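As a plain string of letters, each chain reads:
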Amino acid sequence: AGEPGIDFARLELPRGSQWLRLKAQGPVKLHGVVLESGDGGIIWDALGVPGTTAESVLQANRGDLVAGLKRRDPELIVVLLGLNESHHLNTDAESLSAYQRRFGELIGTLREATPQADCLVAGPMDSGARSTSGAIRSRPVMRGIGEAQRAVALEHGCGFFSLYESMGGEGSIKTWFEAGLAF
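Since we're looking at a predicted model, the values are computed, not measured. (Residues numbered from 1 in each chain as written. Predicted model: local features only at pLDDT ≥ 70, side-chain atom pairs only at ≥ 80, totals over all residues. Heavy atoms only, no water.)

Whenever I open this one, the confidence of the model for the chain confuses me. Can you help?
Detailed reading of predicted coordinates is not advised where the pLDDT is low. Across the chain, pLDDT averages 89, with 98% of residues at or above 70. Mean pLDDT across the elements of the chain ranges from a minimum in strand β3 (residues 128-130), with 88, to a maximum in strand β5 (residues 159-162), with 98. (pLDDT = per-residue confidence, 0-100. Helix = DSSP H or I, 4+ residues; strand = E, 2+ residues; numbered from the N terminus.)

Set out below in structure tokens:
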């Protein structure tokens, strides 16, 4: 019954509960529910929305994102983006520089919200497209996206792991596809 924005509620449910019903009056957007037993262990929160890009995360309400991250108080932030960008990003230096700047804004926001958390950027895997002849070819921009992300990760004190290099670098998507490991 207040101003629009993010809010949090904590409910304690009896152990073994199997149902939770929420009832709202008026329009509500529910961005998540956290169910924890309180027994400790590893908690993995995923902000995995199909089609997500660094740009789409930056277009979300920054205050809500920061408040939500502060509330969760993570010990580790893992960022895996870049594959969706590869479908529209060009390989020229200007495009990659603009991408690096925006990706840096995203990582800066995450670091500002969670300065106590360790941070890992996992660069995108090799990605391919079929040519008119049917051959599978790596998207030329994948290496550039990974290099931009590596620079941002190091600038913000994050670790970097290259999925692109770990799967074999340029052309590896074809090998993985032929081995039945990619589709």
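Which parts of the structure should I look at to understand helix α4 (residues 142-155)?
Think of an α-helix as turning once every 3.6 residues; residues three or four places apart then point the same way. Over its 14 residues, α4 extends 20 Å from the first C-alpha to the last, a length consistent with the 20 Å expected when each residue adds 1.5 Å. Those residues of α4 that fall on the buried side of the exposure criterion are M142, G144, I145, G146, A148, Q149, V152 and A153. Packing partners of the buried residues in α4 comprise α3 (93-113), β2 (118-123), β5 and α5 (163-166). Positive backbone phi, approximately 75°, marks G157, located one or two places after α4. (Expected span 1.5 Å × (residues − 1). Buried < 20%, exposed > 50% of the residue type's maximum accessible area, 1.4 Å probe, protein only. Contact = heavy atoms within 4.5 Å.)

Quick question: what am I supposed to make of the environment of G5 here?
Within the secondary structure, G5 is located in the segment before α1 (54-58). Given the relative accessible area of 53%, G5 is considered exposed. In this structure, the C-alpha to C-alpha distance between G5 and G82, residues 77 residues apart in sequence, is 29 Å.

Looking at this structure, I do not really get the pairing of strand β1 (residues 76-79). What am I missing?
The two faces of a sheet get side chains in turn, since along a regular strand they alternate between them. Burial along β1 is one-sided: the face carrying I77 and V79 is buried and the face carrying L76 and V78 is not. Where β1 lies against β2, four bridges are found, and the strand directions are parallel. The residue bridging V78 from the neighbouring strand is L120, located in β2. (Pairing = 2+ DSSP bridges.)

Is there a simple way to explain the packing of helix α2 (residues 62-72) against α3 in this structure?
For any two helices packed against each other, one specifies the crossing angle of their axes together with the interaxial distance. Running from amino to carboxyl end, α2 crosses α3 at an angle of 45°, the nearest separation of the two axes being 9 Å. In terms of their interaxial angle, α2 and α3 are classed as oblique. Crossing geometry of α2 relative to α3 is assigned as right-handed. Note on element contacts: α3 touches α2 through T109, L110, E112 and A113, opposite R62, L65, V66, L69 and K70. By residue class, the composition of the contact of α2 with α3 is five nonpolar, one polar and three charged. (Axes fitted to C-alpha atoms, helices over the stretch in contact; angles between N-to-C directions. Parallel < 35°, antiparallel > 145°, perpendicular 65-115°, else oblique. Left-handed = near helix turned anticlockwise from the far one by under 90°. Nonpolar A, V, L, I, M, F, W, Y, C, P; charged D, E, K, R; others polar.)

How should the nonpolar core be read in this particular structure?
Here is a general trend for soluble globular proteins: nonpolar side chains tend to be buried in one another's company. Ranked by size, the top nonpolar core spans 28 residues in total, and within it V79, Y99, F103, I107, L110 and V121 carry the most contacts. Counting only elements with at least two residues in this core, the list comes to α1, α2, β1, α3, β2 and α4. Considering each element in turn, this core owes the most residues, seven residues, to α3. Among all residues touching F103, those that are not within four sequence positions of it are A54, V79, L81, V121, Q149 and V152. (Core = buried A, V, L, I, M, F, W, Y, C linked by side-chain atoms within 4.5 Å.)

It is not clear to me how the packing of aromatic side chains should be interpreted in this structure. Could you clarify?
Working definition: an aromatic ring pair is given by the centre-to-centre distance plus the angle between the planes. The tally for this structure, following the rule as stated, stands at one aromatic pair. Taking 5.8 Å as the distance between ring centres and 25° as the angle between the ring planes, the aromatic pair formed by Y99 and F103 counts as stacked. With Y99 and F103 both in helix α3 and four residues apart, this pair spans about one turn of that helix. On the accessibility criterion, F103 (0% relative accessible area) is buried. (Phe/Tyr/Trp six-rings, centres within 6.5 Å; stacked < 30°, edge-to-face > 60°.)

It is not clear to me how α3 should be interpreted in this structure. Could you clarify?
With 21 residues, α3 should reach 30 Å at 1.5 Å per residue; the first-to-last C-alpha distance of 30 Å fits that figure. Among the residues of α3, S95, L96, Y99, F103, G104, L106, I107, T109, L110, R111 and A113 are the ones counted as buried. Its buried side turned inward, α3 meets α1, α2, β1, β2 and α4. Between the side-chain oxygen of the N-cap and the backbone nitrogen of E94 there are 3.2 Å, and the N-cap of α3 in question is D92. (Polar contact = N/O pair within 3.5 Å; in protein donor to acceptor, adjacent residues only side chain to side chain.)

Just to check I follow, could you spell out the sheet that holds β5 for this structure?
Think of a sheet as strands paired side by side through backbone hydrogen bonds, with each pair either parallel or antiparallel. Read across the sheet, three strands follow the order β1-β2-β5 without closing on themselves; strand pairing throughout is parallel. For this open sheet the edge positions go to β1 and β5, each flanked by a neighbour on one side alone. This sheet shows a mean twist of 20° between the axes of neighbouring strands, independent of strand direction. Docked against the sheet, α4 engages β2 and β5, running at close to 165° with respect to β5.

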